[in-house]
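Observations on the model geometry
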Amino acid sequence: MTDMTVSLFSAAHGRTGDKGDRSNISVIAWHPALWPLLVEQVTPEAVVAQFRHRAPSRVQRFLLPKLHAMNFVLDAALDGGVNDALNLDTHGKSLSFLLLDLPIGVPAELQHLLAGTIPT
(Lines give C-alpha, C1' and ligand atoms only; values in the text may rest on other atoms or scores of the structure.)
Protein backbone atom coordinates (compact mmCIF):
# COMPACT_ATOMS: atom_id res chain seq x y z
CA MET A 1 0.00 0.00 0.00
CA THR A 2 1.17 3.53 -0.73
CA ASP A 3 0.36 6.94 0.65
CA MET A 4 -3.21 8.01 -0.02
CA THR A 5 -4.87 11.42 -0.31
CA VAL A 6 -8.25 11.60 1.42
CA SER A 7 -10.58 14.29 2.67
CA LEU A 8 -9.97 15.30 6.27
CA PHE A 9 -13.36 13.83 7.28
CA SER A 10 -11.80 10.36 6.92
CA ALA A 11 -9.34 11.19 9.73
CA ALA A 12 -11.35 13.57 11.91
CA HIS A 13 -14.72 15.03 12.73
CA GLY A 14 -15.57 18.63 13.52
CA ARG A 15 -18.00 21.09 14.98
CA THR A 16 -18.60 24.78 14.35
CA GLY A 17 -19.64 27.64 16.60
CA ASP A 18 -19.90 31.39 16.16
CA LYS A 19 -19.67 34.63 18.07
CA GLY A 20 -20.38 37.74 16.05
CA ASP A 21 -18.28 37.67 12.89
CA ARG A 22 -15.93 35.01 14.30
CA SER A 23 -16.19 31.30 13.56
CA ASN A 24 -14.73 28.54 15.76
CA ILE A 25 -14.14 25.22 14.06
CA SER A 26 -12.96 22.18 15.98
CA VAL A 27 -11.18 19.24 14.38
CA ILE A 28 -11.03 16.03 16.43
CA ALA A 29 -9.02 12.99 15.32
CA TRP A 30 -10.94 9.75 14.92
CA HIS A 31 -7.95 7.94 16.46
CA PRO A 32 -5.06 9.24 18.61
CA ALA A 33 -2.51 7.84 16.15
CA LEU A 34 -3.85 10.23 13.49
CA TRP A 35 -3.24 13.30 15.69
CA PRO A 36 0.39 14.02 14.60
CA LEU A 37 -0.69 13.82 10.97
CA LEU A 38 -3.42 16.41 11.60
CA VAL A 39 -1.02 18.75 13.43
CA GLU A 40 1.40 18.53 10.51
CA GLN A 41 -1.11 19.07 7.69
CA VAL A 42 -4.11 20.98 9.07
CA THR A 43 -2.24 24.22 9.59
CA PRO A 44 -3.48 27.79 9.74
CA GLU A 45 -2.07 28.26 6.24
CA ALA A 46 -4.05 25.27 4.93
CA VAL A 47 -7.21 26.66 6.55
CA VAL A 48 -6.64 30.11 5.03
CA ALA A 49 -6.34 28.46 1.61
CA GLN A 50 -9.48 26.36 2.18
CA PHE A 51 -11.46 29.48 3.19
CA ARG A 52 -9.91 31.90 0.69
CA HIS A 53 -13.35 32.73 -0.76
CA ARG A 54 -14.50 33.91 2.71
CA ALA A 55 -11.29 35.95 3.18
CA PRO A 56 -10.94 35.69 6.97
CA SER A 57 -8.87 38.54 8.38
CA ARG A 58 -7.01 36.16 10.70
CA VAL A 59 -6.87 32.42 11.37
CA GLN A 60 -5.54 31.10 14.68
CA ARG A 61 -5.01 27.46 15.63
CA PHE A 62 -5.15 26.20 19.20
CA LEU A 63 -3.87 22.67 19.83
CA LEU A 64 -5.53 20.43 22.42
CA PRO A 65 -3.19 17.42 22.39
CA LYS A 66 -4.76 15.53 25.31
CA LEU A 67 -8.04 15.56 23.38
CA HIS A 68 -6.36 14.89 20.00
CA ALA A 69 -8.15 17.98 18.79
CA MET A 70 -7.54 21.49 17.57
CA ASN A 71 -9.67 24.60 17.39
CA PHE A 72 -9.48 27.18 14.63
CA VAL A 73 -10.70 30.72 15.14
CA LEU A 74 -11.48 32.55 11.91
CA ASP A 75 -12.01 36.29 12.27
CA ALA A 76 -14.29 38.14 9.83
CA ALA A 77 -15.43 34.87 8.26
CA LEU A 78 -19.21 35.21 8.69
CA ASP A 79 -20.06 38.19 6.50
CA GLY A 80 -20.70 40.33 9.57
CA GLY A 81 -22.36 37.70 11.76
CA VAL A 82 -25.95 36.63 12.38
CA ASN A 83 -27.53 40.07 12.29
CA ASP A 84 -25.60 41.43 9.31
CA ALA A 85 -24.98 38.50 6.96
CA LEU A 86 -27.12 38.05 3.88
CA ASN A 87 -26.04 34.46 3.25
CA LEU A 88 -28.16 31.42 4.12
CA ASP A 89 -25.81 30.14 6.84
CA THR A 90 -25.48 33.20 9.09
CA HIS A 91 -24.14 31.11 12.00
CA GLY A 92 -21.56 29.42 9.76
CA LYS A 93 -22.61 25.95 10.94
CA SER A 94 -21.69 24.41 7.59
CA LEU A 95 -18.11 25.71 7.74
CA SER A 96 -16.86 22.60 9.56
CA PHE A 97 -17.91 20.57 6.52
CA LEU A 98 -15.89 22.87 4.28
CA LEU A 99 -12.84 22.37 6.48
CA LEU A 100 -13.41 18.59 6.64
CA ASP A 101 -13.20 18.52 2.84
CA LEU A 102 -9.52 19.58 3.05
CA PRO A 103 -7.30 16.98 1.32
CA ILE A 104 -4.64 15.37 3.49
CA GLY A 105 -2.02 12.73 2.79
CA VAL A 106 -2.11 9.55 4.88
CA PRO A 107 0.77 7.07 4.97
CA ALA A 108 0.01 3.39 4.36
CA GLU A 109 0.59 2.40 8.00
CA LEU A 110 -2.24 4.68 9.21
CA GLN A 111 -4.83 4.03 6.52
CA HIS A 112 -6.55 1.28 8.49
CA LEU A 113 -7.56 3.94 11.06
CA LEU A 114 -9.50 6.06 8.58
CA ALA A 115 -13.30 6.20 8.60
CA GLY A 116 -15.11 5.79 5.29
CA THR A 117 -11.95 6.12 3.21
CA ILE A 118 -12.61 7.63 -0.21
CA PRO A 119 -9.43 8.39 -2.19
CA THR A 120 -9.34 11.85 -3.76
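Okay, so let's go over this structure.

With that settled, consider the environment of S23. Mapped onto the fold, S23 is located in strand β3 (residues 22-29). For the pair S23 and L78, spaced 55 residues apart in the sequence, the C-alpha separation amounts to 6.9 Å. Contact partners of S23, with chain neighbours within four places excluded, come to T16, G17, F72, V73, L74, L78 and L95.

Burial of strand β5 (residues 69-75) is extensive: six of the seven residues sit out of reach of the surface. Pairing of β3 with β5 involves seven bridges; the strand directions are antiparallel. Residue N24 lies in a different strand from β5, and its bridge partner there is V73. Bridge count between strand β4 (residues 58-64) and β5: seven bridges; the pairing is antiparallel. Across the sheet, Q60 pairs through a bridge with V73, a residue of β5. Connecting β4 to the next strand, β5, in antiparallel fashion are four residues, including H68 with a positive phi near 55°.

Attention now goes to the pattern of salt bridges. Inspection of every chain in the model, using the stated rule, returns two salt bridges. For R22, the salt bridge is made with D75, and the minimal N-O distance between the two is 2.5 Å. Pair noted here: R22 is in strand β3 and D75 is in strand β5, with a separation of 53 residues, a long-range link. For R22, a relative accessible area of 36% gives the class partly exposed. What makes D75 buried here is its relative accessible area of 10%. The residue D75 makes a salt bridge to R58 at a minimum N-O spacing of 3.1 Å. Note that D75 is positioned in strand β5 and R58 in strand β4, a separation of 17 residues in sequence. For R58, a relative accessible area of 43% puts it in the partly exposed group. Residues participating in the shared-partner salt-bridge network are R22, R58 and D75.

Rules used in this analysis
- Residues numbered from 1 in each chain as written.
- Predicted model: local features only at pLDDT ≥ 70, side-chain atom pairs only at ≥ 80, totals over all residues.
- Heavy atoms only, no water.
- Helix = DSSP H or I, 4+ residues; strand = E, 2+ residues; numbered from the N terminus.
- Contact = heavy atoms within 4.5 Å.
- Buried < 20%, exposed > 50% of the residue type's maximum accessible area, 1.4 Å probe, protein only.
- Pairing = 2+ DSSP bridges.
- Salt bridge = Lys/Arg side-chain N within 4 Å of Asp/Glu carboxyl O.

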